[in-house]
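Structural overview for review
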Number of protein chains: 2
Amino acid sequence: MPTPAKPTRLTPVHSELATMLAQCGLKVTRPRLAVLKIFKNSTHPISVQEVAAALPSLPTIQASPPINSVTIYRVIDSFRQKGLIREVNLRHGHLDYEIIEHLDDHHHIVCTSCGLVEDFYGCGATSLIRTAIKNSRNFATVNEHTVELFGLCRKCISL
Amino acid sequence: MPTPAKPTRLTPVHSELATMLAQCGLKVTRPRLAVLKIFKNSTHPISVQEVAAALPSLPTIQASPPINSVTIYRVIDSFRQKGLIREVNLRHGHLDYEIIEHLDDHHHIVCTSCGLVEDFYGCGATSLIRTAIKNSRNFATVNEHTVELFGLCRKCISL
DNA sequence: ATTCTAAATGCAAGTTAGTTGCAACAAGTA
DNA sequence: TACTTGTTGCAACTAACTTGCATTTAGAAT
Ligand SMILES: [Mn+2]
Ligand SMILES: [Mn+2]
Ligand SMILES: [Zn+2]
Ligand SMILES: [Zn+2]
């Protein structure tokens with residue numbers, strides 16, 4: 001009798017990633033751990049396609065069947081709903097996603113010529129939000145804000 | 001002999017819309033005038049689909065063959081390239097576009113529950129941009145910025 | 001450990017936004 | 001008026017994203 005296939009049930013990994021998922025009320029699954037790891041590893045916002053392209057490089061994924069692209073969409077959407085990641089438009093022709101770190105006043109400068117992305121922190125939105133609410137007819141609370149700057153990087157300027 | 005179809009050649013309308021197009025180096029055509037009028041009339045950013053849906057209401061369009069959807073994409077893209085409109089992400093599940101008015105420090109508050117959009121002006125980006133550039137490794141100029149606030153409108157709070 | 005159930009995944013099919021190539025046409029200009 | 005080049009319409013195509021459904025499995029209850 002050949003050795004039967006090992007059960008695929010996940011061992012209860014108490015990794016940081018698993019904890020992040022559990023704390024949001026998301027079940028800890030192989031696709032979610034993998035996608036979350038991609039976001040953790042990435043230094044800049046990435047698209048659904050880039051997540052899909054990056055997944056096969058993970059050892060966990062190489063060792064088992066690839067993740068269906070439908071699942072990638074659903075995982076990313078669940079992350080977004082739970083506030084694990086945010087959607088950002090860097091005018092790269094598609095939407096990107098990036099992980100939301102604690103105490104987040106984190107934004108981007110983008111080169112409109114070559115697409116280079118750099119982070120910056122502290123946009124001073126709190127006072128802006130106060131006055132915006134004061135002047136608003138309809139709004140009383142602001143929970144999130146996005147700020148992106150678009151310009152030219154040094155390399156592209158000198159071209 | 002039945003009256004022959006009038007030539008469709010445009011009379012040189014010296015309207016504001018035509019001037020805007022000409023000043024950007026875009027030829028003044030029926031589709032461009034129509035799409036630009038839609039943007040002018042709109043009080044909030046709209047999607048490609050909304051432009052397409054709004055076009056048939058214009059008298060100029062009713063009086064002649066409808067505008068092909070490929071043309072709508074191309075017109076909107078030409079407007080964006082020339083800086084007539086900007087792309088904004090209000091997290092409505094698609095990208096929106098709105099006309100760029102002169103001296104533009106114009107942004108939005110969006111209700112994450114019902115999608116309501118309100119404008120606000122003056123985000124104080126100039127000082128932010130200065131410090132962002134000062135702290136940046138790669139960037140020396142910033143030409144554009146986006147700021148969007150996301151919260152709950154009064155109606156949705158009380159639900 | 002075993003059982004149970006709601007949630008997550010994979011697969012296949014479908015939808016639809018958006019693109020491309022090309023021929024016909026028309027805006028701007030001489 | 002004629003010319004040239006950018007624009008439009010059409011048809012075909014591509015690829016992103018969605019949906020329905022059967023199967024599997026994580027997490028909790030027993
Ligand atoms: Mn970032
Ligand atoms: Mn606006
Ligand atoms: Zn650059
Ligand atoms: Zn609302």
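Below is a summary of the structure that appears in this document.

Criteria and thresholds
Residues numbered from 1 in each chain as written. Chains lettered and ligands numbered in written order. Predicted model: local features only at pLDDT ≥ 70, side-chain atom pairs only at ≥ 80, totals over all residues. Heavy atoms only, no water. 1 Å grid on protein atoms, 1.4 Å probe; cavity = no way out; pocket = protein on both sides within 12 Å on 5 of 7 lines; lining within 4 Å. Points joined across faces, edges and corners; volume = space filled by probe spheres on them. Helix = DSSP H or I, 4+ residues; strand = E, 2+ residues; numbered from the N terminus. Nonpolar A, V, L, I, M, F, W, Y, C, P; charged D, E, K, R; others polar. Donors = N, O, S within 2.8 Å, 3.2 Å for Na, K, Ca; no water. Tetrahedral: all angles 85-135°; square planar, octahedral: opposite > 155°, others 65-115°. Buried < 20%, exposed > 50% of the residue type's maximum accessible area, 1.4 Å probe, protein only.

Focus: empty space enclosed by the protein
- Enumeration according to the criterion identifies 2 cavities of 30 Å³ or more in this entry.
- Forming the boundary of the largest cavity are 14 residues, of which Asn 89 and Thr 146 of chain A together with Asn 89, Thr 146 and Glu 148 of chain B lie nearest the centre.
- Contributing elements (two or more residues each) for the lining of the largest cavity: strand 1 (85-88) and strand 5 (139-153) of chain A together with strand 1 (85-88) and strand 5 (139-153) of chain B.
- Its residues assigned to classes, the lining of the largest cavity shows 4 nonpolar, 4 polar and 6 charged.
- Size it by volume and the second largest cavity reaches roughly 50 Å³.
- Surrounding the second largest cavity, Cys 123, Leu 128 and Val 147 of chain A together with Cys 123, Gly 124, Ala 125, Leu 128 and Val 147 of chain B form its lining.

Focus on the coordination of the zinc ion (ligand 3)
All names here are of chain A.
- The zinc ion (ligand 3) binds to the protein through Cys 111 (SG), Cys 114 (SG), Cys 153 (SG) and Cys 156 (SG); the donor distances cover 2.2 to 2.4 Å.
- Classification of the site at the zinc ion (ligand 3) rests on its 4 donor atoms, whose angles at the metal span 104 to 116°, yielding the label tetrahedral.
- Look at where the donors of the zinc ion (ligand 3) fall in the sequence and you get C-x2-C-x38-C-x2-C. Accessibility classification places Cys 153 together with Cys 156 in one group, the buried group.

By themselves, these observations are geometric and do not establish any function.
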